[in-house]
Each structure stands twice: as structure tokens, then as C-alpha cells.
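Tertiary structure, described
Spelled out from the first residue to the last, the chains are:
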Amino acid sequence: MAKITAGVSTSHVPAIGAALDNGKANEEYWKPVFAGYDFSKQWIKEQKPDVIILVYNDHATAFSLDLIPTFALGCGEKYKSADEGWGPRPVPDVYCHQELASHIAQSVITDNFDLTIVNTMDVDHGLTVPLSLMFGETNAWPCKVIPLAVNVVLYPPPSGQRCYDLGKALRKAVESFDEDLNVQVWGTGGMSHQLQGPRAGLINKEFDNDFLDKLVNDPEAQARVPHIDYVREAGSEGVELVMWLIMRGALNDEVTEKHRFYHVPASNTAVGHLILENK
Amino acid sequence: MALDKPYSDIPGTTIFDADMARIGFHINQFAMSLMQAEHRERFKADERAYLDEWPMTEEQKQAVLDRDYNRMMSLGGNVYFLAKIFSTDGLSFQFAAATMTGMTQPEYAQMMLDGGRSPEGNLYKNEEKQGET
Ligand SMILES: [Fe+2]
């Protein structure tokens, strides 16, 4: 049987990808950011997941205003790194576990979550930066990845509660898949940041750390936090954090916090990162 | 009945909701078109002529020509779409964000290094409102 063993959450700041791709990882500015992932790189080598369900958002890359799916599950064979306007990140293609993806689609939609299915799209920094942070530079990602794109660009995104509940439905789907697979769920984006308007640059360490605590220890309460709290306190783009609730919903109520990292700044953003294992 | 938009009292912030997406449809789709190199070239060669191919309002076009990002956002632009414009100009997110705050890029970068903009005094348009909510 397939099993969800752990969850990872991390910011997916595009400048982190640019720093890696342009050989700036050893600069003073970036060193502390990447140091926060040293443990994680070692940890994931030992964990050897077969599949990662990677929750992220597209940033006006694959989805323009033509079409804005709230939840879009990648079921196609593979996904390329997108050209976001300065050439694609030089990272490998992402290969999907198509059998598990279609199983999830069938199970989760039957469970009342109206997913959109995406077979063809390019994936932007939201998906590739977390992979780079966890696996470093490589010619091929060491596992399959099922992209789950969440709309957080057009307000309102799905509610925290909806995200948390979707995580639970994902877990049910994975656990009813016959093949023995070690599956992780990743939630990405955040932490506090605002990229627009006279309030750009907002960082709220108190909010972020409270979010980290609650996500680990009282996710039900965090799931009830309304969007207005995120956009007011964590910035208009900080609302990306609802995606972490999908990861958390897919785990046990009780989890072991293996790793936590928090750092300000990476470009305009507070970087947060958690590794949670099912108890 | 009008929907409640509690985010309208957040200072210095435009929330890109469904109403803004309607108003900004064409300016965002114009910006999105700059993802393709040949469109970037045509835009750079004659910005006005390229903008005139899009059914945008004159105000929206002028805001683009002026690279007035706050104005573009007040007219329905979303920052992830508008990013295609400053990327075409070869400018970073941090540069663009700085222009929106009225700071120079070094000032803005220093603010971020110092821990970012503090939430204190920046959560409500009218701080007196804090008591009511
Ligand atoms: Fe993002």
C-alpha cells in the first residue's frame, strides 16, 4: 500500500532559484538561506520518497487570466521548467507518477473536491525552487512528482479549511493505492511577504512563527483562520501560506517536528521551512 | 447585496479580487503576452503601437508607458502579470517593489535586510479602527 510518511513545507522565492542558477549560493547574503536546508538535504537522502505530491501555485506563468483553476492536479507524463521571462531555470523535467495521480483524481473528486486535471503545462519557480532546495543541483530529480497547483493569485484563494480538508482527502486517496510507495506531501509558498503597493516589503515575524507553531500543534485552529488575517498580517502575497494546510491535512494529527527554519530576508520575503514526520 | 470586502482598509495594498480581474483583464493579458520574446521585441521597438493593439483604457496604457506600477494596480493590474513588464525592462522584483514604495532600491534593500517593513502601524488604514475590530 502507498503511505504518506512525511510532509515538507518551504517558501519558494524565485530569487532563491536565481541565486542557485547564477552560482551565488556562497555569497554572504544567501549563505544563511541555504544553510537552513543542510539538514533537509541529508534527511531526504535517507527518506528516499518515491513520490512527492507538490502543492504550489503558478504565478501567471502557465495560467493567465484565460483560465484560473482553484485546484489543478497534474496527471500528465512530464512537466518542463517554465520560461518566466528570463529563460527557463536549468533544472530537469518533472516526471509525474501517472497511475497514482489518476487514482488521486478519481478518489478526491468522488469525495466532493472538484479538481481540475492538467495534463499539459510548464511549471514555474513555485514548484522547481522547493525541489532545488531539497535535492540540490542534479541532472534528474530522484523521484516522481505530482504537481497540485492552487490558485492564490486571484482573490479569494480556497479557504484554509478547504485546503486542510483536501489534505485529508489526498491522504485517503494515497492510502487506497495498492502499490507500495513512500509518498511525501509538500506545501510551498509564503511566508509573510507583500510584493505590491506602498506597503511592499511587509514582514511579520510574529505572525509567521505563530503560524509555524499552530500548523504543527493545532492545525485545526489554523485551518479556521480567515484570509483577511493572512492578507492583513502577512501581506497580500503571504496568503500563499494556506497551501501549507494541504500538506498538514495529509499528515497525522500528531506529528514529529524534525526540522524548522526561519530567516529574513530572501529578496522581499520571509523564508520558512518545516519537516514533519508522521508519528 | 454587496459582498463584504474587509481587506479594503489595509493600507497601501490592492487585493486582486474578481472585480479587479474584470477591470484589469486586458492590461494583464497584455503583460502576459510579454512572456514571448517576439512580443517583447515588438513592444520595445514601439511601446505605444504595441499597447494600441490591446483594448485597454487610455489610463491603463499611460500607466504602462509611465511604468507607474501603483497606478497599473489601481486600474486592475496584478503584480505577477505586471512582473512581465519589468522583466522585459531587465529589472528585478526588488527594484519594482522599491518604486512602488517611493524608496530607492538601496533603501528598500536595506529595509529588507533590517527585517522588512514592520507590521506596526501598517495593518489598518485608520489605526483607530484597530479598537473596533
Ligand atoms: Fe509564490
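First, a word on what this report is: a plain description of the structure on this page. (Residues numbered from 1 in each chain as written. Chains lettered and ligands numbered in written order. Predicted model: local features only at pLDDT ≥ 70, side-chain atom pairs only at ≥ 80, totals over all residues. Heavy atoms only, no water.)

**Some words on the overall build of chain B**
Helix and strand counts for chain B stand at 10 helices and zero strands. When the helices and strands of chain B are placed in sequence order, the string is α-α-α-α-α-α-α-α-α-α. Taken across its 133 residues, chain B has 47% of its residues classed as buried. Of the roughly 6,700 Å² of accessible surface on chain B, 53% is carried by carbon and sulfur atoms. (Helix = DSSP H or I, 4+ residues; strand = E, 2+ residues; numbered from the N terminus. Buried < 20%, exposed > 50% of the residue type's maximum accessible area, 1.4 Å probe, protein only. Areas by Shrake-Rupley, 256 points an atom, 1.4 Å probe, with all protein chains shown as cover.)

**Examining the side chain of arginine 232 of chain A**
Following the sequence through the fold, arginine 232 of chain A ends up in helix α9 (residues 227-234). A relative accessible area of 8% places arginine 232 of chain A in the buried class. Excluding anything up to four places from it in sequence, arginine 232 of chain A contacts Arg199 and Leu202 of chain A together with Pro6, Asp9, Ile10, Leu123 and Tyr124 of chain B. (Contact = heavy atoms within 4.5 Å.)

**Structural notes on the pattern of salt bridges**
The full count for this structure, using the stated rule, is 22 salt bridges over all chains. The salt bridge involving arginine 89 of chain A is made with aspartate 21 of chain A; its shortest N-O contact spans 2.8 Å. Of this pair, arginine 89 of chain A sits in the loop between β4 (78-81) and β5 (94-95) while aspartate 21 of chain A sits in helix α1 (residues 14-21), and the two are 68 residues apart along the sequence. Here the residues in one salt-bridge network are Lys5, Asp17, Asp19 and Arg22 of chain B, joined through shared partners. (Salt bridge = Lys/Arg side-chain N within 4 Å of Asp/Glu carboxyl O.)

**Description of the environment of phenylalanine 63 of chain A**
Residues and elements named next belong to chain A. Turning to its location among the elements, phenylalanine 63 is positioned in the loop between β2 (51-56) and β3 (71-74). Classification of phenylalanine 63 as buried rests on a relative accessible area of 16%. For the pair formed by phenylalanine 63 and aspartate 122, sequence separation is 59 residues and the distance between their alpha carbons is 9.6 Å.

**Details of the coordination of the iron ion**
Residues and elements named next belong to chain A. Donor atoms from the polypeptide that bind the iron ion are His12 (NE2), His59 (NE2) and Glu240 (OE), placed at 1.9 to 2.1 Å. Site description for the iron ion: donor spacing in sequence, H-x46-H-x180-E. With a gap of 228 residues between them, histidine 12 in the loop between β1 (2-10) and α1 and glutamate 240 in the loop between α9 and α10 (242-249) connect regions that are remote in the sequence. With respect to burial, histidine 12 and glutamate 240 carry one shared label: buried. (Donors = N, O, S within 2.8 Å, 3.2 Å for Na, K, Ca; no water.)

**Some details on the layout of surface pockets**
Taken as a whole, the largest pocket holds about 970 Å³ of empty space. Every residue lining the largest pocket is counted, 40 residues in all, and those nearest its centre are Pro14, Ala15, Ala18 and Trp86 of chain A together with Phe93 of chain B. Every element with two or more residues in the lining of the largest pocket is listed here: α1 of chain A together with α7 (79-88) and α8 (93-101) of chain B. Considering each element in turn, the lining of the largest pocket owes the most residues, six residues, to α1 of chain A. The residue makeup of the lining of the largest pocket, split by class, is 16 nonpolar, 17 polar and seven charged. Approximately 150 Å³ is the volume found for the second largest pocket. Elements represented by at least two residues in the lining of the second largest pocket include exactly α3 (38-47) and α5 (125-135) of chain A. Sort the elements by how many residues they give to the lining of the second largest pocket and α3 of chain A lands first, with three residues. (1 Å grid on protein atoms, 1.4 Å probe; cavity = no way out; pocket = protein on both sides within 12 Å on 5 of 7 lines; lining within 4 Å. Points joined across faces, edges and corners; volume = space filled by probe spheres on them. Nonpolar A, V, L, I, M, F, W, Y, C, P; charged D, E, K, R; others polar.)

**Considerations on the sheet that holds β4 of chain A**
Residues and elements named next belong to chain A. Taken in spatial order, the three strands line up as β5-β4-β7 in an open sheet, and their pairing is mixed. Single-partner strands in this sheet number two, and they are β5 and β7 (122-123). In this structure, β4 lies alongside β7, joined through two bridges in parallel fashion. Each bridged residue has a counterpart across the sheet, and for serine 81 the counterpart in β7 is valine 123. (Pairing = 2+ DSSP bridges.)

**Considerations on the packing of α8 of chain B against helix α9 (residues 105-113) of chain B**
Residues and elements named next belong to chain B. Packing of α8 against α9 brings their axes to within 9 Å, and their N-to-C directions diverge by 100°. As the angle between them shows, α8 and α9 are arranged roughly perpendicular. Contacts between α8 and α9 involve Gln94, Phe95, Ala97, Ala98 and Thr101 from the first element and Gln105, Tyr108, Ala109 and Met112 from the second. Broken down by class, the residue content of the contact of α8 with α9 amounts to six nonpolar, three polar and no charged. (Axes fitted to C-alpha atoms, helices over the stretch in contact; angles between N-to-C directions. Parallel < 35°, antiparallel > 145°, perpendicular 65-115°, else oblique.)

**Description of the interface of chain B and chain A**
Facing the 45 residues of chain B at the interface are 40 residues of chain A. Summing both sides of the interface, chain B and chain A together bury roughly 3,600 Å²; the carbon and sulfur share of this comes to 62%. Of all residues in chain B, the largest losses of buried area upon contact with chain A belong to Tyr80, Met112 and Arg117 of chain B, amounting jointly to 17% of the total for that side. Counting the contacts that link chain B with chain A gives one salt bridge. Across the salt bridge formed by arginine 232 of chain A and aspartate 9 of chain B, the nearest N and O atoms sit 3.0 Å from each other. (Buried area = accessible area lost by both parts, 1.4 Å probe.)

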